[in-house]
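Now for the letters of each chain:
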Amino acid sequence: MDEKRNKILVLAGHSRTNQSAVDALKGGGEVVEIASIDEAIEALRHDQFTAIFSDSADFLPLERALVSQQANLVLNTIGEGVCIVDGEGRCNWMNKKMQAWPARVHEKIRRTCQDAFQLFARQVSPQNPETPAFNRSKRYALNIEEQQFMELIASPVINPGGNVVQVVAVVWDATGTRRLQQKIDAIDKAGRELVKLEAESLSKMNVGQRLKLLEDKIISFTRDLMHFDHFVIRLLDRRTNKLEMVISNGLPSDAVNIELFADSENNGISGYVAATGRSYICPDVERDPRYVFGLEQARAA
């Protein structure tokens, strides 16, 4: 055995009956003697050992403590909040992710878990705890406050007698996903509004008035949905390859009157996107060679 590579943890406990075995281990590597299970766990947390030597009576408690430690490590590493709540709405344990959320979030989660507990208690049959009448989990959407959303999956903890004793909940912040879906729904609605122009109203308008109505709707939807106050919409003329200005809002005339073509070189970001068909994110216009003048003090495009 390589003494430099082998490090053995010995949980000495209160017994000295195995002292001869410990002395023999010292000939095969570095032996670290620990007096208690708590000290052994702390040593294992900060060091690497080739083997663990203990009395058989101490091994099971040590193994359980290590499993519990590993479980806590996993639950504190994942990106979701995890908690255990009883039937009274008391939170008996939560991981670090859950702890980082404010009290108003905890309160909402606890109340939801308490409702889930009551639901599970009605559905689980103590006479047949394995009854497949429900899938033993329930998903909730939580509206924490305006424009903040979370989702929660609650599952029951059932004792050997078939009774629900606690609820385990996994919670994650769904604000970004919900906002994206809301924006997609709003854009879809706006698209339907644009094509749903009343025939009777249009029949009384000339071509210029119809185009003005369509332009006003596009500007309104662009402001309300995309939150753009400064923008220009150009249409590709395939005969000339020129990007013709159709609608502009909030841009100076110098920017609107710039001639751009669908070309990946020397025609700005718009020309590059029109030529390649690929989206383009410009985080800093002052450092991007493709950018052409559009708006004073602009920083991104």
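Residues numbered from 1 in each chain as written. Predicted model: local features only at pLDDT ≥ 70, side-chain atom pairs only at ≥ 80, totals over all residues. Heavy atoms only, no water.

Q: Tell me about the overall build of the chain, and please be specific about residues and values.
A: Helices and strands together make up the secondary structure of the chain, namely 10 helices and 10 strands. Residues classed as buried in the chain amount to 29% of the 301 residues present. When contacts within the chain are restricted to residue pairs at least 6 apart in sequence, long-range pairs at least 24 apart make up 43% of them. As displayed, the chain offers around 19,600 Å² of accessible surface, 51% of which is attributable to carbon and sulfur atoms. (Helix = DSSP H or I, 4+ residues; strand = E, 2+ residues; numbered from the N terminus. Buried < 20%, exposed > 50% of the residue type's maximum accessible area, 1.4 Å probe, protein only. Contact = heavy atoms within 4.5 Å. Areas by Shrake-Rupley, 256 points an atom, 1.4 Å probe, with all protein chains shown as cover.)

Q: Outline the environment of Ile-258, supporting the account with residue identities and numerical values.
A: Its place among the elements puts Ile-258 in the loop between helix 9 (253–256) and helix 10 (268–276). The class for Ile-258 is partly exposed, based on a relative accessible area of 25%. As a C-alpha pair, Ile-258 and Leu-243 span 15 residues in sequence and 9.9 Å in three-dimensional space.

Q: Describe the sheet that holds strand 8 (residues 164–173), with residues and values.
A: If you walk across this open sheet you meet the 5 strands as 5-4-8-7-6, and the pairing is antiparallel. Each edge of the open sheet is held by one strand with a lone partner, namely strand 5 (91–94) and strand 6 (138–145). Mean inter-strand twist for the sheet, computed between neighbouring axes without regard to direction, equals 25°. With 9 bridges connecting them, strand 7 (residues 148–158) and strand 8 associate as antiparallel partners. Looking across to strand 8, one finds that Ile-158 is bridged to Val-164. Across the sheet, helix 5 (residues 103–123) lies against strand 4 (81–85), strand 5, strand 6, strand 7 and strand 8, angled at about 155° from strand 6, the strand it touches most. (Pairing = 2+ DSSP bridges. Axes fitted to C-alpha atoms, helices over the stretch in contact; angles between N-to-C directions.)

Q: I'd like a description of the environment of Ile-52, backed by residues and values.
A: Mapped onto the elements, Ile-52 comes out in strand 3 (residues 51–54). In the structure, Ile-52 is positioned 43 residues away from Leu-9 in sequence and 4.8 Å away in space, judged by C-alpha atoms.

Q: Lay out the packing of aromatic side chains with the relevant residues and their values.
A: Evaluated as defined, the whole model comprises 1 aromatic pair. Consider the rings of Tyr-272 and Tyr-280, whose centres lie 5.4 Å apart with planes at 70°: the pair is edge-to-face. A relative accessible area of 12% places Tyr-272 in the buried class. Taking the ring centre of Tyr-140 as reference, the NZ or CZ of Lys-138 above it sits at 5.3 Å. (Phe/Tyr/Trp six-rings, centres within 6.5 Å; stacked < 30°, edge-to-face > 60°. Lys NZ or Arg CZ within 6 Å of the ring centre and 35° of its normal.)

Q: Can you break down the side chain of Asn-95 residue by residue, with the values?
A: Inspection of the secondary structure puts Asn-95 in the loop between strand 5 and helix 4 (96–99). For Asn-95, a relative accessible area of 0% translates into the label buried. A distance of 3.0 Å separates the side chain of Asn-95 from the backbone nitrogen of Val-82, its partner in a polar contact. (Polar contact = N/O pair within 3.5 Å; in protein donor to acceptor, adjacent residues only side chain to side chain.)

Q: Report on the state of the cysteines, specifying residues and quantitative values.
A: Counted according to the given criterion, the structure contains 0 disulfides. Of all cysteine sulfurs in the structure, the one in Cys-113 sits closest to Cys-83, which takes part in no disulfide; the separation is 4.4 Å. (Disulfide = S-S within 2.5 Å.)

Q: Kindly report on helix 5, identifying the contributing residues and their values.
A: The terminal C-alpha atoms of helix 5 lie 30 Å apart, and with 21 residues this matches the ideal 30 Å at 1.5 Å per residue to within 8%. Buried within helix 5 are the following residues: Val-105, His-106, Ile-109, Thr-112, Cys-113, Ala-116, Phe-117, Leu-119 and Phe-120. Close packing links the buried residues of helix 5 with strand 4, strand 5, helix 4, strand 6, strand 7 and strand 8. (Expected span 1.5 Å × (residues − 1).)

Q: So what's going on with the nonpolar core? Residues and values would help.
A: Note on soluble globular proteins: their nonpolar side chains tend to be buried together. Cys-83, Ile-109, Cys-113, Leu-152 and Val-171 are the most contacted members of the largest nonpolar core, which has 23 residues in total. The set of elements that each furnish at least two residues to this core consists of strand 4, helix 5, strand 6, strand 7 and strand 8. Residue contributions to this core peak at 7 residues, all from helix 5. Other than its neighbours up to four places away in sequence, Leu-152 contacts Ile-109, Thr-112, Cys-113, Lys-138, Arg-139, Tyr-140, Leu-142, Ala-169, Val-170 and Val-171. (Core = buried A, V, L, I, M, F, W, Y, C linked by side-chain atoms within 4.5 Å.)

Q: Provide a residue-level description of the pattern of salt bridges, including the pertinent values.
A: Taken as a whole and judged by the stated rule, the model has 7 salt bridges. One salt bridge connects Asp-86 with Arg-90, and the closest N-O pair in it is separated by 3.0 Å. In this structure, the salt-bridge partner of Arg-111 is Glu-107, at a minimum N-O distance of 3.4 Å. Note that Arg-111 and Glu-107 are positioned in helix 5 at a spacing of 4 residues, about one turn of the helix. One salt-bridge network, in which partners are shared between bridges, spans Glu-107, Arg-110 and Arg-111. (Salt bridge = Lys/Arg side-chain N within 4 Å of Asp/Glu carboxyl O.)

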